Amino acid sequence: MNYLLDLILIPMQVIIVIYTVYYFVLAVIGMWRSRVHKNYTPKNSFAIVVCAHNEEAVVGELVKNLRSLDYPDELYDIFVVADNCTDKTAEVARAAGANVHERFNKEEVGKGYAMGWMFDRVEQMDRKYDAFLIFDADNLVHPQFMLEMNDHLEKGESVIQGYLNSKNPTDSWVAGTFSIAFWMVNHMWHLAKYRVGLSTALGGTGMCIRTSIIREYGWDCNSLTEDMEFSMKLLTHGIRTCWAHDAIVYDEKVTTMMASCKQRLRWAQGQFDCAGRYIPKLFATGIKTGNIMILDGIFQVSQPYFLLLTTVYLVLSYINAYTPIYTNILYQILPMSVWTIIGVGQYLFPLIVLLKIKVPPKIWFYYLLYPLFVYSWIPVNILGWFRRHNKVWSHTVHTRAVGLNDVKLTRMGNMNKNKK
């Protein structure tokens, strides 16, 4: 070691190489998928849960959408939690055909509390359901969503995340770049991990959870990222979160940078909090059981810390270029040819994904701005670390109702080809 900072920077560079290779390998795997046969015979019953806080502008369209899905009416019911609402959310949802439950609790505020409250209510009902489906009030759902989830349940899967698509990708450059980010994650992370038998994570909406899982392990996930928390909680028990690539839910993306930063700050706070609580548990359980899938969960939950690490290293590398302060070993670990391949892949893989899903022409212009969106994560992530113990819920406002007919239904051809 030639410099004092080598004590920190050499291990840091090793970690960066490990994560970089890991992400690259997953991205390669996510570029294609295996053809599978599907059983679209409806068998499972569903309790659909929608948590809504002052969502009168959008919840009606969702309920109408849910009532028209390609699934027998007698096999599912729609429950809307009007959570601490001060508008007409309950009235609008009820008029649209939902079973509305109004919840008022100023102490336990947030989606996690509302979900747990509704899960308990459903469990106490005379009718028993095979699985819960969870959506946000601003969502729209592909007609075959439940058929897809039914197929995954029939394959023995218990916790499943659906494909998070965008219903407004061309509203603004922020909505467009946000949509691109979700499309990248869907293919280069969720699909890839599912293909190799690893566990991914729930994404807050478009989720399917067997009721037996809730009964056995409970909910009790009330952080700012209750979806990630529940995924990690189950993973410590060896329960895998699976991926349904053709179970599509259309999510409304925020349209301004301020709203985007506010939403992502909440995610960063929750993910840092979740990482602090679950990384030790995942490591201990994974080592004890020798379960690679559990240990892999550390990569999932530690992503905000990796972003912090790379930010610090990037700053120090600029300093090192002018005044040497540490030993650069990146090219000793991996040859330049490998770094070149990885660098090309970082630009090539997103292009392949966008071509595969046939995005609107406007998205290609937004793709030029995508690096700006990526780098905007840095200040958001740093602030999220400082506020990681702040658990005050921040609500994202939705004001524009969009019907399913206004949204381009994607990948219908692939879904129908796989029908059995």
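Note: the structure precedes this text.
Summarised in this report is the structure supplied together with it. (Residues numbered from 1 in each chain as written. Predicted model: local features only at pLDDT ≥ 70, side-chain atom pairs only at ≥ 80, totals over all residues. Heavy atoms only, no water.)

**Some remarks on the packing of aromatic side chains**
In total, this model carries 28 aromatic pairs according to the counting rule given. Geometrically, the ring pair formed by F119 and F132 is tilted, given 4.4 Å between the ring centres and 40° between the ring planes. In this pair, F119 is assigned in helix α4 (residues 111-123) and F132 in strand β4 (residues 131-136), connecting sequence segments 13 residues apart. The exposure class assigned to F119 is buried, which follows from its relative accessible area of 1%. For F132, a relative accessible area of 0% gives the class buried. On the basis of an interplanar angle of 85° and a centroid distance of 5.4 Å, the ring pair of F119 and W219 is categorised as edge-to-face. Separated by 100 residues along the polypeptide, F119 in helix α4 and W219 in the loop between α7 (211-217) and α8 (226-235) bring together distant segments of the chain. Note on accessibility: F119 and W219 belong to one class, buried. Taken together, Y19, Y22, Y23, W189, F299 and F306 form an aromatic cluster joined through their ring pairs. Between R264 and the ring centre of W377, over which it is positioned, the NZ or CZ distance is 5.0 Å. (Phe/Tyr/Trp six-rings, centres within 6.5 Å; stacked < 30°, edge-to-face > 60°. Helix = DSSP H or I, 4+ residues; strand = E, 2+ residues; numbered from the N terminus. Buried < 20%, exposed > 50% of the residue type's maximum accessible area, 1.4 Å probe, protein only. Lys NZ or Arg CZ within 6 Å of the ring centre and 35° of its normal.)

**Comments concerning the nonpolar core**
Within soluble globular proteins, side chains that are nonpolar tend to cluster in buried spots. Residues F46, V80, F135 and W183 are the most contacted members of the largest nonpolar core, which totals 67 residues. Per-domain counts for this core show at least three residues from each of domain 1 (3-29 + 276-385) and domain 2 (44-256). Among residues more than four places away in sequence, those in contact with V80 are V50, A52, V59, V63, A93, A98, N99, V100 and H101. (Core = buried A, V, L, I, M, F, W, Y, C linked by side-chain atoms within 4.5 Å. Domains from an automatic or database assignment. Contact = heavy atoms within 4.5 Å.)

**Focus on the pattern of salt bridges**
Inspection of the entire model under this criterion finds 16 salt bridges. A salt bridge links R127 to D77; its shortest N-O distance comes to 2.8 Å. Placement of R127 in the loop between α4 and β4 and of D77 in strand β2 (residues 76-83) is noted, with a sequence separation of 50 residues between them. Residue class for R127 comes out partly exposed when judged on its relative accessible area of 31%. Judged by relative accessible area, D77 falls into the partly exposed class, the value being 26%. Among the salt bridges present, the one from E102 reaches R94, with a minimum N-O distance of 3.7 Å. Assessed through its relative accessible area of 43%, E102 is described here as partly exposed. Linked by salt bridges that have partners in common, R33, K38, E148 and D246 make up one network. (Salt bridge = Lys/Arg side-chain N within 4 Å of Asp/Glu carboxyl O.)

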